[in-house]
Amino acid sequence: MADITGDQRIQSEVLEGLAMAVNHRRWFVELALPYLGDNPIEIGSGLGDYAIEWAEHLPKFTATEADPDRLVLLKERMAEHPNIDVKQMLLPAQDAAAEYSAAVSYNVLEHIEDHVGALSSMKELVRPGGRVIIIVPAFMFAMSQVDIATGHIRRYTKKTLGAAFVEAGLEIEKIHYANALGLLGYYTATSIFKLAPKEGPMVKIYDSLVLPVTKAAERIVRPPFGQSVFCVARSPR
């Protein structure tokens, strides 16, 4: 089984900082929600922020985490949410049972060397016809010291992510870039000013002022680039 790469302390700091980006998270919650079905599993739940918001709309939800320390914190936090089950899981997983309506994973695939094997494992977790839903960071030119420190092996384009899905035997339903202005902001902050996306005024200003405009514009026109690539694919029936 493949470990997720990167400095766990730095990953946790970034997760805590991004947890303050409430509008960003709600946007990405909305992207996946129509495809989750009645009993999805999330791979790499981190602090559980996405899991909690998705679970508000679902009868049952399974959150997972690979890192043992974060798993303990995740279980403690989810104790207040009876419809959320918590498991430890690494990808590629072994002996996966096809019991879930969907498998969703945000900003995890870029940490895994065998990303096709990871997608294949996610396919095996879902029922025939179920969805695999992924968000990953976009464009290798934006690879920064923050990416490297947090264990990013790669960043994606629609073409490279789509190729990994097809190689894993998944049928792509939707793939597009998201958060175009976020890519420009991320590149400026991390590659030019050498800053990490931690909690602070920059994250709050972006989330409260820039993000709502970006979201509204991208509802009308899909941008040709973005900070992330969003993909939904179906497991063959």
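About the thresholds
Residues numbered from 1 in each chain as written. Predicted model: local features only at pLDDT ≥ 70, side-chain atom pairs only at ≥ 80, totals over all residues. Heavy atoms only, no water. Axes fitted to C-alpha atoms, helices over the stretch in contact; angles between N-to-C directions. Helix = DSSP H or I, 4+ residues; strand = E, 2+ residues; numbered from the N terminus. Parallel < 35°, antiparallel > 145°, perpendicular 65-115°, else oblique. Contact = heavy atoms within 4.5 Å. Nonpolar A, V, L, I, M, F, W, Y, C, P; charged D, E, K, R; others polar. Salt bridge = Lys/Arg side-chain N within 4 Å of Asp/Glu carboxyl O. Phe/Tyr/Trp six-rings, centres within 6.5 Å; stacked < 30°, edge-to-face > 60°. Buried < 20%, exposed > 50% of the residue type's maximum accessible area, 1.4 Å probe, protein only.

Asker: Please explain the packing of helix H8 (residues 180-192) against helix H9 (residues 201-220) as it appears in this structure.
Answerer: Between two packed helices, both the angle of their axes relative to each other and the distance between the axes serve to describe the pair. The N-to-C vectors of H8 and H9 enclose an angle of 150°; their axes lie 8 Å apart at closest approach. When the axis of H8 is compared with that of H9, the two are roughly antiparallel. Together, Ala180, Leu181, Gly182 and Ala189 of H8 and Met202, Tyr206, Val210, Thr214 and Glu218 of H9 make up the contact between the two elements. The residue makeup of the contact of H8 with H9, split by class, is 6 nonpolar, 2 polar and 1 charged.

Asker: What's the story with the pattern of salt bridges in this structure? I'm lost.
Answerer: Where charged atoms of side chains with opposite charge meet at close range, the side chains can pair. Applying the stated criterion to the full structure yields 9 salt bridges. Here Glu65 makes a salt bridge to Arg70, at a shortest N to O gap of 3.5 Å. Among the ionic contacts, a cluster of salt bridges with common partners joins Glu30, Lys215 and Arg219.

Asker: Where do I start with the packing of aromatic side chains in this structure?
Answerer: For any pair of aromatic rings, the description consists of the separation of the ring centres together with the inter-plane angle of the planes. Counted according to the given criterion, the structure contains 9 aromatic pairs. With a centroid separation of 5.8 Å and an interplanar angle of 35°, the aromatic rings of Phe139 and Phe141 are classed as tilted. Look at Phe141 and you get partly exposed, because its relative accessible area is 48%. Members of the aromatic cluster, each reached through a chain of ring pairs, are Trp27, Phe28, Tyr50, Trp54, Phe61 and Tyr106.

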